[in-house]
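Descriptive structure summary
In case you want the letters, here they are:
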Amino acid sequence: DFKLVSYGALSGVLVSGIVFFMAAALHHGDASVVLPIAQMSFLGTFGLSVIFLRERVTLRKLVALVCGAATIILLTVGAT
């Protein structure tokens, strides 16, 4: 089915982009700082799911996002 193949191709392009930009970022900083910052993409993913998929924003989800972001910030600050 064309739709399934299209999603697969788009997914492959996005994953390849992630790998490419991660490798490029490692040339500019230490892995202990670059990798945690790169993991902040879940914030963007959540925002896109709210906009395009009409995902409900609940207090529990907001607390989880804040905890995840705080963890990554603490990992980044602790690594420097």
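None of the values given here were measured: they were computed from a predicted structure. (Residues numbered from 1 in each chain as written. Predicted model: local features only at pLDDT ≥ 70, side-chain atom pairs only at ≥ 80, totals over all residues. Heavy atoms only, no water.)

**Examining the overall build of the protein**
In terms of helices and strands, the protein carries four helices and zero strands. Each helix and strand of the protein, placed in order from N terminus to C terminus, yields the pattern α-α-α-α. Against the compact-globule benchmark of 12 Å for 80 residues, the protein has a radius of gyration of 16 Å, which places it well outside the compact range. For the protein, the proportion of its 80 residues judged to be buried stands at 12%. Long-range contacts, defined here as pairs at least 24 residues apart, represent 53% of the contacts in the protein between residues at least 6 apart. Here the protein displays about 6400 Å² of accessible surface, and carbon together with sulfur accounts for 74% of that area. (Helix = DSSP H or I, 4+ residues; strand = E, 2+ residues; numbered from the N terminus. Rg over C-alpha atoms; globule rule 2.2 N^0.38 Å. Buried < 20%, exposed > 50% of the residue type's maximum accessible area, 1.4 Å probe, protein only. Contact = heavy atoms within 4.5 Å. Areas by Shrake-Rupley, 256 points an atom, 1.4 Å probe, with all protein chains shown as cover.)

**Let's talk about a nonpolar patch on the surface**
A grouping of Leu48, Ile51, Phe52 and Leu53 is seen on the molecular surface, where their side chains present a nonpolar patch of about 480 Å² in accessible area. Following the sequence through the fold, phenylalanine 52 ends up in helix α3 (residues 41–52). Exposure remark for phenylalanine 52: the relative accessible area of 63% places this residue in the exposed category. (Patch = residues over 30% accessible without salt bridge, like charges linked within 9 Å, V, L, I, M, F, W, Y side chains within 5 Å. Salt bridge = Lys/Arg side-chain N within 4 Å of Asp/Glu carboxyl O.)

**A short note on unusual backbone geometry**
Positive phi, close to 55°, is recorded for arginine 54, a residue that is not glycine. For arginine 54, a relative accessible area of 68% translates into the label exposed.

**Re the pattern of salt bridges**
Across all of its chains, the model carries one salt bridge by this definition. Between lysine 61 and glutamate 55 there is a salt bridge whose closest N-O contact spans 2.6 Å. Relative accessible area serves as the criterion here: at 28%, lysine 61 is assigned to the partly exposed category. A relative accessible area of 34% places glutamate 55 in the partly exposed class.

Everything listed here is a matter of geometry and, on its own, says nothing about what the molecule does.
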